[in-house]
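Tertiary structure, described
Residues per chain, in single letters:
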Amino acid sequence: MSIIDARPNDHVVRSQLVASLDEQSRDWELVLRESHHRMKNTLTLLGASVRRDFTRAGRGDVSLAVDRLERRIVAFGRLYQLLSDHGDLPVVSAAAFFEGLCKAISEAVLEPAGIRCEVAIESGLLPSAQCHRLALMLTELVTNAAKHAFPNKNGALIRIGLARRDGTWLCTVADNGIGATGPLQGTGSRILEGLARSIHARLQGEAGEGGTRVTIVLPIAAA
């Protein structure tokens, strides 16, 4: 084959490589934006917790407030470890992973805010990459509900569900707070939509007087 004959094939290979690198770059940018957004939310929640605890604390209760803050920081550390650790396995046990994740979210985000959490997770296997993205989306939805759904915290409840139905995984976050106009707004909404596209999932949301319910519909990957 002459050099001239080889050039078209080389051009195709280069084009495919550039397209792959562009896709990887967009993917990495999406995860990086999510990480920054999550850190912003964490600092906001911790700041509110500090103001609340230290405003209420009398002189003798300051040490208790410090202990609560320390426990919450440790809980956030456990949550971030779960969200950051992809693991070496190609597939992940949905029940084991998401039950642990929901426990970490509850300890870090919900319990300090006085919000109860009910969890129902079905067994099954998820590809590791899909599991990680789904975990990021779930955490974003729960954190958003904790921040905005309960101006009056009395009886606040968030239900988290993961179930297999008709060739899909359905991941649901439902609250009994004030009804939202949509799943999320602003940066959080764009990140959620990007994460959903990256795993070929879609978001379904409904809101009313009984609260807000958002479902992530994820097709089950072919074996």
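Reading guide: rules and limits
Residues numbered from 1 in each chain as written. Predicted model: local features only at pLDDT ≥ 70, side-chain atom pairs only at ≥ 80, totals over all residues. Heavy atoms only, no water. UniProt positions renumbered as here; feature names shortened; annotations may be inferred. Core = buried A, V, L, I, M, F, W, Y, C linked by side-chain atoms within 4.5 Å. Buried < 20%, exposed > 50% of the residue type's maximum accessible area, 1.4 Å probe, protein only. Helix = DSSP H or I, 4+ residues; strand = E, 2+ residues; numbered from the N terminus. Contact = heavy atoms within 4.5 Å. Phe/Tyr/Trp six-rings, centres within 6.5 Å; stacked < 30°, edge-to-face > 60°. Salt bridge = Lys/Arg side-chain N within 4 Å of Asp/Glu carboxyl O. Expected span 1.5 Å × (residues − 1).

Going by the annotation in an unreviewed UniProt entry, the name recorded for the protein chain is histidine kinase, with Bradyrhizobium symbiodeficiens given as the source organism. We quote the UniProt Catalytic activity (unreviewed entry) comment for the protein chain here in full: "ATP + protein L-histidine = ADP + protein N-phospho-L-histidine."

**Let's talk about the nonpolar core**
Of all hydrophobic cores here, the largest spans 48 residues; its most connected members are Leu-79, Phe-98, Leu-101, Leu-138 and Ile-158. At the level of secondary structure, the elements contributing two or more residues to this core comprise helix H2 (62-84), helix H3 (94-110), helix H4 (128-148), strand S4 (157-165), strand S5 (168-175), helix H5 (187-198) and strand S7 (211-219). Per element, the largest residue contribution to this core is 11 residues, and it comes from H3. Once residues within four sequence positions are removed from consideration, Leu-138 is found in contact with Phe-98, Leu-101, Cys-102, Ile-160, Cys-171, Val-173 and Ile-216.

**A look at the packing of aromatic side chains**
The relative placement of two aromatic rings is captured by the distance of their centres and the angle of their planes. Within this structure, the stated rule accounts for one aromatic pair. Look at Phe-97 and Phe-98: their rings are 5.1 Å apart centre to centre, the planes differ by 85 degrees, and that puts the pair in the edge-to-face class. The class for Phe-97 is buried, based on a relative accessible area of 14%. Its relative accessible area of 1% is what places Phe-98 among the buried residues.

**Description of the pattern of salt bridges**
Under the defined criterion, the tally for this structure stands at five salt bridges. Residue Arg-159 is joined to Glu-118 by a salt bridge in which the shortest nitrogen-to-oxygen separation is 3.0 Å. Taken as a pair, Arg-159 in strand S4 and Glu-118 in strand S2 (residues 116-121) lie far apart in primary sequence, 41 residues in all. Judged by its relative accessible area of 45%, Arg-159 is partly exposed. Taken together, the salt bridges that share partners define one network made up of Arg-78, Lys-103 and Glu-107.

**Focus: H4**
Counted at 1.5 Å a residue, the expected span for H4 with its 21 residues is 30 Å, and the 30 Å between its end C-alpha atoms agrees. The buried fraction of H4 is high, at 18 of 21 residues.

**Details of the environment of Gly-188**
On the secondary structure map, Gly-188 appears in helix H5. Sequence separation between Gly-188 and Asn-144 is 44 residues; the distance between their C-alpha atoms is 8.3 Å.

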